[in-house]
Amino acid sequence: MTTPEARVAPVIRPALPADVRTIRDLVEPLSQERILRPYEMVGYYEAVQEFLVATDRTAPDDPAVGCGALHVMWDDLAEVRTLAVHRDWRGRRVGHALLEALVERARALGLRRVFCLTFEVDFFAAHGFREIDGTPVTPEVYAELLRSYDEGVAEFLDLARVKPNTLGNSRMLLEL
């Protein structure tokens, strides 16, 4: 990997199965700090199509330096998940570039709202997200989402069984 001083803006691209181990490595330190929810390896592979990765423009064959996912939850709603940046690249707008690309992906899918559960309130607020209370879906959609096996959906629904994972997080929403 090149030195941080020599780096330029990253390239954002869809993740490939070959990126999964790097994605896990980017998430692992943040999951140990209970900032991000970790996945089992199989979960990363199952969700690889949801991920974008940031790579070093000057060293495109090096491992990704950041990642983020967009998980569609309903016909008008998606969640930004697993936004992580390698510590050597923090403060270089990699997270901003990833989030902007994920929001553009949501727009391209015709979604109207993007949700996140985060400790990084200022970061997401700078992109137009606002803090919300509760779960921003109708009771009918809530009942349908209860059928999901996805732990992230359970966190979105604020179910009691996931409370230890969500304590201290802010619920934020972006209207597109």
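Details of the structure are given in the entry above.
In this text, all values refer to a predicted model and were calculated from it rather than measured experimentally. (Residues numbered from 1 in each chain as written. Predicted model: local features only at pLDDT ≥ 70, side-chain atom pairs only at ≥ 80, totals over all residues. Heavy atoms only, no water.)

Visitor: What is the right way to read the overall build of the chain from this model?
Guide: Looking only at helices and strands, the chain features seven helices and seven strands. Expected size for 176 residues packed as a compact globule is a radius of gyration near 16 Å; at 16 Å, the chain falls within 12% of this value. Taken over the C-alpha atoms alone, the chain extends approximately 50 × 30 × 30 Å along its principal axes. Counting across all 176 residues of the chain, residues that qualify as buried make up 48%. (Helix = DSSP H or I, 4+ residues; strand = E, 2+ residues; numbered from the N terminus. Rg over C-alpha atoms; globule rule 2.2 N^0.38 Å. Buried < 20%, exposed > 50% of the residue type's maximum accessible area, 1.4 Å probe, protein only.)

Visitor: How should I be thinking about the layout of surface pockets in this particular structure?
Guide: Left-over empty space is what a probe sized like a water molecule reveals as it rolls over the atoms. Of the volumes computed, that of the second largest pocket is approximately 180 Å³. As for the second largest pocket, its lining consists of Arg37, Tyr39, Gly43, Glu46, Ala47, Glu50, His71, Arg81, Asp150 and Glu151. Per-class residue counts for the lining of the second largest pocket are two nonpolar, two polar and six charged. (1 Å grid on protein atoms, 1.4 Å probe; cavity = no way out; pocket = protein on both sides within 12 Å on 5 of 7 lines; lining within 4 Å. Points joined across faces, edges and corners; volume = space filled by probe spheres on them. Nonpolar A, V, L, I, M, F, W, Y, C, P; charged D, E, K, R; others polar.)

Visitor: I'm lost on helix α1 (residues 20-32) in this one. Help?
Guide: Residues lying three or four places apart along an α-helix face the same way, a consequence of the helix completing one turn every 3.6 residues. Under the 1.5 Å per step criterion, the end-to-end length of α1 is 18 Å for 13 residues, consistent within 8% with the ideal 18 Å. Considered for burial, the residues of α1 that qualify are Val20, Thr22, Ile23, Leu26, Val27, Leu30 and Ser31. On the buried face of α1, the contacting elements are α2 (41-46), β2 (51-56), β3 (66-74) and β4 (77-85). (Expected span 1.5 Å × (residues − 1). Contact = heavy atoms within 4.5 Å.)

Visitor: Explanation requested: the side chain of Asp56 in the structure shown.
Guide: Residue placement: Asp56 occurs in strand β2. Only 2.6 Å separates the side chain of Asp56 from the side chain of Thr58, close enough to count as a polar contact. (Polar contact = N/O pair within 3.5 Å; in protein donor to acceptor, adjacent residues only side chain to side chain.)

Visitor: I keep staring at the sheet that holds β3 and nothing clicks. Help me out?
Guide: In any sheet, the strands associate via hydrogen bonds between backbone groups, in a parallel or an antiparallel arrangement. Strand order in the open sheet formed by seven strands is β1-β2-β3-β4-β5-β7-β6, with mixed pairing between adjacent strands. Both outer strands of the open sheet, β1 (10-14) and β6 (130-131), are each paired with one neighbouring strand and no more. Here three bridges tie β4 to strand β5 (residues 113-118), and the two strands are oriented parallel to one another. By the bridge assignment for β5, Glu79 is matched with Phe115. Contacting β2, β3 and β4, α1 runs over the sheet at an angle of about 85 degrees to β4. (Pairing = 2+ DSSP bridges. Axes fitted to C-alpha atoms, helices over the stretch in contact; angles between N-to-C directions.)

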